[in-house]
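As a plain string of letters, each chain reads:
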Amino acid sequence: MMSPRTLELPFVLQAQGCAGRVAVADAAGVHTYDALLAASGRVAAALLQGRQDLAEARIAFLVVPGFAWVATLWGIWRAGGVAVPLALSAARPELEYALADTAAEALLWDEANAETAAPLAAALHLRGGGFEQLVGAEPPEALPAVAEGRRAMILYTSGTTSRPKGVVTTHANLQAQITSLIAAWEWTADDRTVLCLPLHHVHGIVNVVSCALWAGARVEMLAKFDAVGIWQRMQRGELTLFMAVPTIYVRLIAAWEAADEATRQAWSAAAHRLRLMVSGSAALPVSTLERWRELTGQTLLERYGMTEIGMALSNPLHGERRAGSVGMPLPGVQVRLAAEDGSAVLSEGTPGEIEVRGANVFLEYWRRAEATQEAFRDGWFRTGDTAVVEDGRYRILGRTSIDILKTGGHKVSALEIEEVLREHQSIAECAVVGLPDAEWGERICAVVVLHPGQQLELDALRGWGRERLTAHKLPTRLLVLPQLPRNAMGKVVKPEVTRLVVAAEDTGR
Ligand code: MCA
Ligand code: AMP
């Protein structure tokens, strides 16, 4: 039957060209591109319920990675909605925040998340729906024409404000992010990859799932990362590409080291056969890159990106991949270094803030016009990361804000955690800092001043925090002090806080 639609979103056209090929493999089996188109069409129809176009209504969803996740995302897009993929690991207040901030019209879920999502939808008076029920709808008679400049997705990212901001990308932004990576890393329909990352970040959504599906490749989607499971999957063969955060490579190395000799050999040989292994989302320690090369003969390709821009810099697919460097601008992405006060664009050898421009750059922070305006300078997005260019390649030096941490590849705001900790009845004052850590990149440390007569242990604090924050935001180190170091203005001096934590660790406190 001919679709009455006049303008198909490009990802639909790409999928139509792949028809009977397998798109997704998950715990339930394999699913073709045709099946994805059919299921997403039904989800779209169920969402529209007779309306012509969702007209950018925000539709949030809590769905385990797999066919249902992709069909839900595509269904929202095909109905003209803005997709809000929620973190499966989020605590209830975090979910409530995202639903309220986006003013979501509906919350969708799969069976595994019904227990969390259904009561939440009811409590917040949102339209709710299980995937199994949505996908059982009649196929659509017509779907709206969705122009590429329209809003497509909102992902929450932590920043220098205490509450996370919604990063809005348009279909055109996503298309630019995807096609840039397809060109740079030479994705083809013959590629096979495995997703073991959460699907509320660009890394999993764009770099793995969307690139694979745009290319007509096959993506195997795991509900959760498991080191031995990944090694065993590589051993079964046929994978061509793998992408992960440094913590995952550290975990894979640990699993390899714990295995017996025959298993090690088999795993090493299996990993060696992949055509490309990529690391990103946080700095890849040179020691990890080198150990991985010893184990597998693979030189990890390190790249640099951000929720607001997708990927910006990458080591080359062909040619030298330099340890400690994040490489050069990706196709279609303009990158420069600017003096922090914006007074100059810097040349090689002078450290500055990375600024990015291009069709890949996001539209806005959701309903935060001021924050959006502040994030740009002369049309360039200010990343808040400092770097230096050496020999044409960028090397990341750090961040302009001490309050933004990276742990396990997740960006975390110290201010957000502090705000929650201050609600604890025993805590009078607190400061959160990140400590360098071989496994996690950074570890969250809380330094607190208690109300008189109070006591607090780390386990108790973590137990209390679990109800309020995602697990990776919970402090793994607690230091109780009589007072916090402050400057003459009364502001907490974070570098001094970090020094105190390190000193306490050294003396075993
Ligand atoms: C979890 N735990 C932690 C942390 N996370 N402890 C310390 N620091 C952490 N960061 C603890 C939990 O509290 C729990 O402890 C135990 O570890 C297991 O928790 P679980 O959630 O199951 O963790 P995991 O499965 O071991 O997770 C590790 C992980 C995960 C697989 C590395 O963090 C992950 O998937 N990270 C990737 C995130 C990502 O996709 N980032 C991309 C964003 P207990 O048992 O006591 O409860 S950046 C991005 O998208 C940009 C654009 C880019 O450049 O890519
Ligand atoms: P997010 O906002 O979660 O998308 O995280 C983006 C941030 O992750 C960037 O601003 C960087 O600070 C960091 N990041 C991403 N890739 C790398 C990398 N290869 N090396 C160092 N930092 C990175």
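This text goes with the structure placed above it.
Here we summarise the structure given alongside this text. (Residues numbered from 1 in each chain as written. Chains lettered and ligands numbered in written order. Predicted model: local features only at pLDDT ≥ 70, side-chain atom pairs only at ≥ 80, totals over all residues. Heavy atoms only, no water.)

Focus on the nonpolar core
And step 1. Ranked by size, the top nonpolar core spans 121 residues in total, and within it Trp74, Trp77, Trp187, Leu213, Phe242 and Leu252 carry the most contacts.
And step 2. The greatest single-element share of this core, amounting to 10 residues, is contributed by helix α8 (residues 202–215).
And step 3. The residues contacting Leu213, other than those within four sequence positions of it, are Ala23, Val24, Tyr33, Leu36, Val70, Trp74 and Val219.
And step 4. Counting residues in each nonpolar core, the second largest holds 22 residues, with Ala60, Leu95, Leu107 and Val168 among its members. (Core = buried A, V, L, I, M, F, W, Y, C linked by side-chain atoms within 4.5 Å. Buried < 20%, exposed > 50% of the residue type's maximum accessible area, 1.4 Å probe, protein only. Helix = DSSP H or I, 4+ residues; strand = E, 2+ residues; numbered from the N terminus. Contact = heavy atoms within 4.5 Å.)

Some words on the side chain of Thr157
And step 1. Residue position: Thr157 is located in strand β7 (residues 151–157).
And step 2. Residue Thr157 is classed as buried on the basis of its relative accessible area, which comes to 4%.

Focus on the site of ligand 1
And step 1. Neighbouring ligand 1 are 28 residues, the closest being Lys224, Arg251, Ser281, Arg303 and Thr407.
And step 2. Val202 has a polar backbone atom sitting 3.4 Å from an oxygen atom of ligand 1.
And step 3. Measuring from an oxygen atom of ligand 1, one finds a side-chain N or O atom of Arg466 at 3.0 Å.
And step 4. Those elements that provide at least two residues to the shell around ligand 1 are α8, α10 (246–258), β13 (301–306) and β22 (404–407).
And step 5. When its residues are assigned to classes, the shell around ligand 1 shows 10 nonpolar, 12 polar and 6 charged. (Near = heavy atom within 4 Å. Polar contact = N/O pair within 3.5 Å; in protein donor to acceptor, adjacent residues only side chain to side chain. Nonpolar A, V, L, I, M, F, W, Y, C, P; charged D, E, K, R; others polar.)

What to know about unusual backbone geometry
Negative phi values dominate among residues other than glycine, just as trans dominates among peptide bonds.
And step 1. Non-glycine residue Glu238 carries a positive phi angle of around 75°.
And step 2. Relative to the assigned elements, Glu238 resides in the loop between α9 (227–236) and β11 (241–244).

Observations concerning helix α14 (residues 414–421)
Residues that lie three or four places apart on an α-helix share one face, since the helix turns once every 3.6 residues.
And step 1. The buried count for α14 comes to 6 of 8 residues, which makes it a mostly enclosed element.
And step 2. Taken together, the buried positions of α14 are Ala414, Glu416, Ile417, Glu418, Val420 and Leu421.
And step 3. Along its buried surface, α14 packs onto α4 (92–102), β23 (410–413), β24 (427–437), β25 (441–450), α15 (458–465) and α16 (494–506).
And step 4. Between the side-chain oxygen of the N-cap and the backbone nitrogen of Leu415 there are 3.1 Å, and the N-cap of α14 in question is Ser413.

With respect to the packing of α10 against helix α11 (residues 261–272)
And step 1. Relative to each other, α10 and α11 sit at 145°, their axes nearing to 8 Å. Here α10 contributes Ala255, Trp256 and Glu257 to the contact with α11, which in turn contributes Arg264, Trp267 and Ser268.
And step 2. When its residues are assigned to classes, the contact of α10 with α11 shows 3 nonpolar, 1 polar and 2 charged. (Axes fitted to C-alpha atoms, helices over the stretch in contact; angles between N-to-C directions.)

Quick look at the environment of Ile417
And step 1. Inspection of the secondary structure puts Ile417 in helix α14.
And step 2. Through-space distance from the C-alpha of Ile417 to that of Gly237 is 42 Å; in sequence the pair is 180 residues apart.

Some remarks on the site of ligand 2
And step 1. Close contacts around ligand 2 come from 15 residues, with Glu302, Arg303, Thr307, Asp385 and Lys406 the closest.
And step 2. In this structure, a nitrogen atom belonging to ligand 2 sits 2.9 Å away from a side-chain N or O atom of Glu302.
And step 3. Take Lys406: an N or O atom from its side chain is 2.9 Å from an oxygen atom of ligand 2.
And step 4. Burial of ligand 2 by the protein chains amounts to 92% of its free accessible area of 500 Å².
And step 5. Broken down by element, the residue count for the shell around ligand 2 peaks at 5 residues, all from β13.
And step 6. Of the residues that constitute the shell around ligand 2, the class distribution is 5 nonpolar, 4 polar and 6 charged. (Areas by Shrake-Rupley, 256 points an atom, 1.4 Å probe, with all protein chains shown as cover.)

Concerning α8
And step 1. Compared with an ideal rise of 1.5 Å per residue, which puts 14 residues at 20 Å, α8 spans 17 Å between its outermost C-alpha atoms and falls more than 12% short.
And step 2. Buried residues dominate α8, accounting for 14 of its 14 residues.
And step 3. Downstream of α8 by one or two residues, Gly216 has phi in the positive range, about 80°. (Expected span 1.5 Å × (residues − 1).)

Quick look at the environment of Ala104
And step 1. Structurally, Ala104 is set in the loop between α4 and β5 (106–109).
And step 2. Using a relative accessible area of 8% as the deciding quantity, one classes Ala104 as buried.
And step 3. Taking C-alpha positions, Ala104 is 19 Å from Ala369, a pair spaced 265 residues apart along the chain.
And step 4. Apart from the residues within four sequence positions on either side, Ala104 is in contact with Arg58, Ala60, Leu99 and Leu126.

Describing the packing of α10 against helix α12 (residues 286–296)
And step 1. The interhelical angle for the contact between α10 and α12, taken along N-to-C directions, is 45°, at an axis separation of 10 Å. Viewed along their axes, α10 and α12 adopt a mutual orientation that is oblique. In terms of crossing hand, the pair formed by α10 and α12 is left-handed. Residues Tyr249, Val250, Leu252, Ile253, Trp256 and Glu257 of α10 lie in contact with α12, whose contacting residues are Thr288, Arg291, Trp292 and Leu295.
And step 2. Of the residues belonging to the contact of α10 with α12, the class tally is 7 nonpolar, 1 polar and 2 charged. (Parallel < 35°, antiparallel > 145°, perpendicular 65-115°, else oblique. Left-handed = near helix turned anticlockwise from the far one by under 90°.)

Things to note about the pattern of salt bridges
And step 1. According to the stated counting rule, one finds 33 salt bridges in the structure shown.
And step 2. The residue Arg151 makes a salt bridge to Glu56 at a minimum N-O spacing of 2.8 Å. Within this pair, whereas Arg151 is found in strand β7, its partner Glu56 is found in the loop between α2 (33–48) and β3 (58–62), the two being separated by 95 residues in sequence.
And step 3. The partner of Arg151 in a salt bridge is Glu364, and the shortest N-O contact between them spans 2.6 Å. Pair noted here: Arg151 is in strand β7 and Glu364 is in strand β18 (residues 364–365), with a separation of 213 residues, a long-range link.
And step 4. Judged by its relative accessible area of 24%, Arg151 is partly exposed.
And step 5. Here the residues in one salt-bridge network are Asp53, Glu56, Arg150, Arg151 and Glu364, joined through shared partners. (Salt bridge = Lys/Arg side-chain N within 4 Å of Asp/Glu carboxyl O.)

Details of the pairing of strand β1 (residues 22–26)
And step 1. β1 sits mainly inside the fold: 4 of its 5 residues count as buried.
And step 2. The pairing of β1 with strand β2 (residues 29–32) spans 4 bridges and is antiparallel. Its bridge partner lying in β2, Asp26 is registered against Gly29.
And step 3. Connecting the antiparallel pair β1 and β2 is a turn made up of 2 residues.
And step 4. Where β1 meets strand β10 (residues 218–221), 2 bridges bridge the pair, whose relative direction is parallel. The partner of Val24 across the bridge, within β10, is Val219. (Pairing = 2+ DSSP bridges.)

By themselves, these observations are geometric and do not establish any function.
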